[in-house]
Amino acid sequence: MSSVAPFPGPQKDPAAANRAVPPPHPVQPRLRDPRLDFYRGIAMFIILVAHIPGNRWAGWIPGRFGFTDATEIFVFCSGMASAIAFGSSFARQGWWLGTARVIFRCWQVYWAHIGLFFFLTASMAALDLYGGFDKSYIGSLNLHWFFTNTVQQLVGVMTLTYVPNYFDVLPMYLGVLVLLPLMMGLEKAGVWAVITASVLIWLTANPYMIGLGPNGISFPAEPWSDREWFFNPLGWQLLFFTGFAFMKGWLPAPPVSKALVILAAAFVILSAPFGSWKVFLWVEAANKDLAALIRPTWEITAEWREKTDFGLLRYAHFLSLAYLGWVAAGAGGKRLIASGHSLASRTWAVLLKLITKVGQQSLAVFVFSMALARFIGFALDQTDRAVMTTAFANLVGFFLIIVCAYTAAWFKSQPWRAKK
């Protein structure tokens, strides 16, 4: 049976048509920029090390040598990741649906915080109740107030007016996310409106910058004292939206300049004695006169390097570190990608893959690592905390958060939906 043309017109020779149409080119897979997830993954490993009680390795994390630590990496990279995830939603589906997606993420972060709190609270209570140990694990997290006045503190936990120190990162992240719809709404007025709003909000937490006194706006962390959230989202949003702005294209990428590299490295190195007590002691041991000149600066710059409200020196220090990391990774992260077939290249390729996977699943890994750190600390309490024992405990922790990352990725892929 002869074929009929679907539309009126002259019949064409199929062979000639095939010859006229060039064969399609295979789609080239787009390489994912490894820098964001790589550095976010590094932050997850550092956060685990920092939160293991009495961990020898915690004395050598970056936060012991300057103003900033893994929290800055986490917040900055979260801002960049949010520009990819939420920024595209606002651009494609409009402000209302973009806001709905942010609200859904806030819902996830809120319950991750609540779940982590109750899991660890119950776990520490079980250790105290059934362990028969001399140490109070409830006291190690300063949770006695929760058990002595549970009714009031239960309401405080759910309303985020009771935020114990160990559980303060996710509330800060939640507070920053809440500001995202505001910033995306201001984008319609121009990028400068967003930048101005972010700086003004930061100044409400740091009024000393404009001579309005030391006490800015903060959030209460417990009803029986004046303690505030350890991480004030009104201050930390400046770093989050800086990362957001770079990834969104609101701020141009800085040029690769030898002068800027030297300037950033000099600031990081020379500020170390002012930002780290450990480095200051090294300076004091080497030159007491120089240490005497540095010591008064600790009091003068206290507000400028303040962690709770994210002082200006912390911001400058992190931007310097971020610039050095950005230059070191190369354009598109090309220096991170292993080339060649040597043992070193293959080993690095495996490490890069593992670290990147941890960075991609940062929320799940963060919640898991915060719980895991307390159990590793408990395990170390049963040992003499020797060098090799501590190293083994940290490496086991690294292995477990990698397993957590791959497990979370597997569940997110929803393999049960795949057709056989």
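Note that the structure is predicted; figures quoted are calculated from it, not measured. (Residues numbered from 1 in each chain as written. Predicted model: local features only at pLDDT ≥ 70, side-chain atom pairs only at ≥ 80, totals over all residues. Heavy atoms only, no water.)

**A closer look at the overall build of the chain**
(1) Moving on: When helices and strands are counted, the chain shows 18 helices and zero strands.
(2) Moving on: Along the three orthogonal principal directions, the C-alpha set of the chain runs to about 90 × 55 × 50 Å.
(3) Moving on: Residues classed as buried in the chain amount to 43% of the 420 residues present.
(4) Moving on: In the chain, once contacts between residues fewer than 6 apart in sequence are set aside, the share between residues at least 24 apart is 73%.
(5) Moving on: Accessible surface for the chain amounts to roughly 23100 Å². Of this, 69% is attributable to carbon and sulfur atoms. (Helix = DSSP H or I, 4+ residues; strand = E, 2+ residues; numbered from the N terminus. Buried < 20%, exposed > 50% of the residue type's maximum accessible area, 1.4 Å probe, protein only. Contact = heavy atoms within 4.5 Å. Areas by Shrake-Rupley, 256 points an atom, 1.4 Å probe, with all protein chains shown as cover.)

**Concerning the pattern of salt bridges**
Between side chains of opposite charge, a pair can form as their charged atoms come close.
(1) Moving on: Inspection of the entire model under this criterion finds eight salt bridges.
(2) Moving on: Between Asp37 and Arg40 there is a salt bridge, with its nearest N and O atoms 3.0 Å apart. Here the residue Asp37 and the residue Arg40 both occupy positions in helix H2 (residues 35-51), the gap between them amounting to three residues, near one helical turn.
(3) Moving on: Overlapping salt bridges bring together Lys135, Asp381 and Arg385 as one network. (Salt bridge = Lys/Arg side-chain N within 4 Å of Asp/Glu carboxyl O.)

**Structural notes on a nonpolar patch on the surface**
(1) Moving on: A cluster of nonpolar side chains, contributed by Phe104, Trp107, Trp111, Leu154 and Met158, occupies part of the molecular surface with about 520 Å² of accessible area.
(2) Moving on: If you list the elements that add at least two residues to the nonpolar patch, you get helix H3 (70-130) and helix H6 (150-159).
(3) Moving on: With a relative accessible area of 38%, Trp111 lands in the partly exposed category. (Patch = residues over 30% accessible without salt bridge, like charges linked within 9 Å, V, L, I, M, F, W, Y side chains within 5 Å.)

**Description of the confidence of the model for the chain**
(1) Moving on: Predicted confidence across the chain gives a mean pLDDT of 89, with 91% of residues reaching 70 or more.
(2) Moving on: Ranking the helices and strands of the chain by mean pLDDT puts helix H18 (residues 387-412) first, with 97, and helix H1 (residues 14-20) last, with 46.
(3) Moving on: Residue range residues 1-21 is modelled with pLDDT below 50. Its contacts to residues more than four positions away, or to other chains, number two contacts. (pLDDT = per-residue confidence, 0-100.)

**Focus on unusual backbone geometry**
In most cases, non-glycine residues show a negative phi, while peptide bonds are predominantly trans.
(1) Moving on: Positive phi is not limited to glycine here, since Leu160 has a value of about 65°.
(2) Moving on: Among the secondary structure elements, Leu160 is positioned in the loop between H6 and helix H7 (169-178).

**Observations concerning the environment of Val387**
(1) Moving on: Secondary-structure assignment places Val387 in helix H18.
(2) Moving on: Here Val387 falls in the exposed class, since its relative accessible area comes to 52%.

**So, the packing of H3 against H6**
(1) Moving on: Across the interface, H3 lies against H6 with an axial gap of 10 Å and an inter-helix angle of 145°. For the pair H3 and H6, contact is made by Tyr110, Trp111, Ile114, Phe117 and Phe118 and by Leu154, Val157 and Met158, respectively.
(2) Moving on: Looking at the contact of H3 with H6 residue by residue, the classes come out as eight nonpolar, no polar and no charged. (Axes fitted to C-alpha atoms, helices over the stretch in contact; angles between N-to-C directions. Nonpolar A, V, L, I, M, F, W, Y, C, P; charged D, E, K, R; others polar.)

**As for helix H9 (residues 191-205)**
(1) Moving on: Given a rise of 1.5 Å per residue, 15 residues ought to cover 21 Å, and the 22 Å separating the end C-alpha atoms of H9 matches this to within 8%.
(2) Moving on: Turning to H9, its buried residues are Val194, Ala197, Ser198, Ile201, Trp202, Leu203 and Ala205.
(3) Moving on: Where H9 is buried, its residues touch helix H8 (180-186), helix H10 (233-248) and helix H15 (312-329). (Expected span 1.5 Å × (residues − 1).)

**Notes on the state of the cysteines**
(1) Moving on: Following the criterion strictly, the structure yields zero disulfides and no others.
(2) Moving on: Just so you know, Cys106 is unpaired, no disulfide at all, and the nearest cysteine sulfur is the one on Cys77, 19 Å from it. (Disulfide = S-S within 2.5 Å.)

**Overview of the environment of Ala85**
(1) Moving on: Position of Ala85 relative to the elements: it lies in helix H3.
(2) Moving on: Linking Ala85 and Asp381, residues 296 residues apart in sequence, is a C-alpha distance of 41 Å.

**Quick notes on the side chain of Ser271**
(1) Moving on: Inspection of the secondary structure puts Ser271 in the loop between helix H11 (258-270) and helix H12 (272-275).
(2) Moving on: Assessed through its relative accessible area of 7%, Ser271 is described here as buried.
(3) Moving on: Among the polar contacts made by the side chain of Ser271, one reaches the main-chain carbonyl oxygen of Val268 at a distance of 3.3 Å.
(4) Moving on: Every residue in contact with Ser271, bar those within four places of it in the chain, is listed here: Phe67, Ala266 and His317. (Polar contact = N/O pair within 3.5 Å; in protein donor to acceptor, adjacent residues only side chain to side chain.)

**Quick word on the environment of Leu170**
(1) Moving on: Counting through the fold element by element, Leu170 comes out in helix H7.
(2) Moving on: What makes Leu170 buried here is its relative accessible area of 3%.
(3) Moving on: Filtering out sequence-adjacent residues up to four positions away, Leu170 remains in contact with Val109, Ala112, His113, Leu363, Phe366 and Val367.

**With respect to helix H17 (residues 362-381)**
(1) Moving on: Helix length check: H17, at 20 residues, gives a terminal C-alpha distance of 28 Å against a target of 28 Å (1.5 Å per residue), a fit within 8%.
(2) Moving on: Burial runs high along H17: 15 of the 20 residues are buried.

**Structural notes on the packing of H17 against H18**
(1) Moving on: Axis separation between H17 and H18 bottoms out at 10 Å; the angle between their running directions is 155°. Taken together, the axis directions place H17 and H18 in an arrangement best described as roughly antiparallel. The two elements H17 and H18 cross, and the hand of that crossing is right-handed. Residues Ala364, Val365, Phe368, Ser369, Leu372, Ile376 and Leu380 of H17 touch H18, and the partners they reach there are Thr389, Thr390, Ala393, Gly397, Leu400, Ile401, Cys404, Ala405 and Ala408.
(2) Moving on: Of the residues that constitute the contact of H17 with H18, the class distribution is twelve nonpolar, four polar and no charged. (Parallel < 35°, antiparallel > 145°, perpendicular 65-115°, else oblique. Left-handed = near helix turned anticlockwise from the far one by under 90°.)

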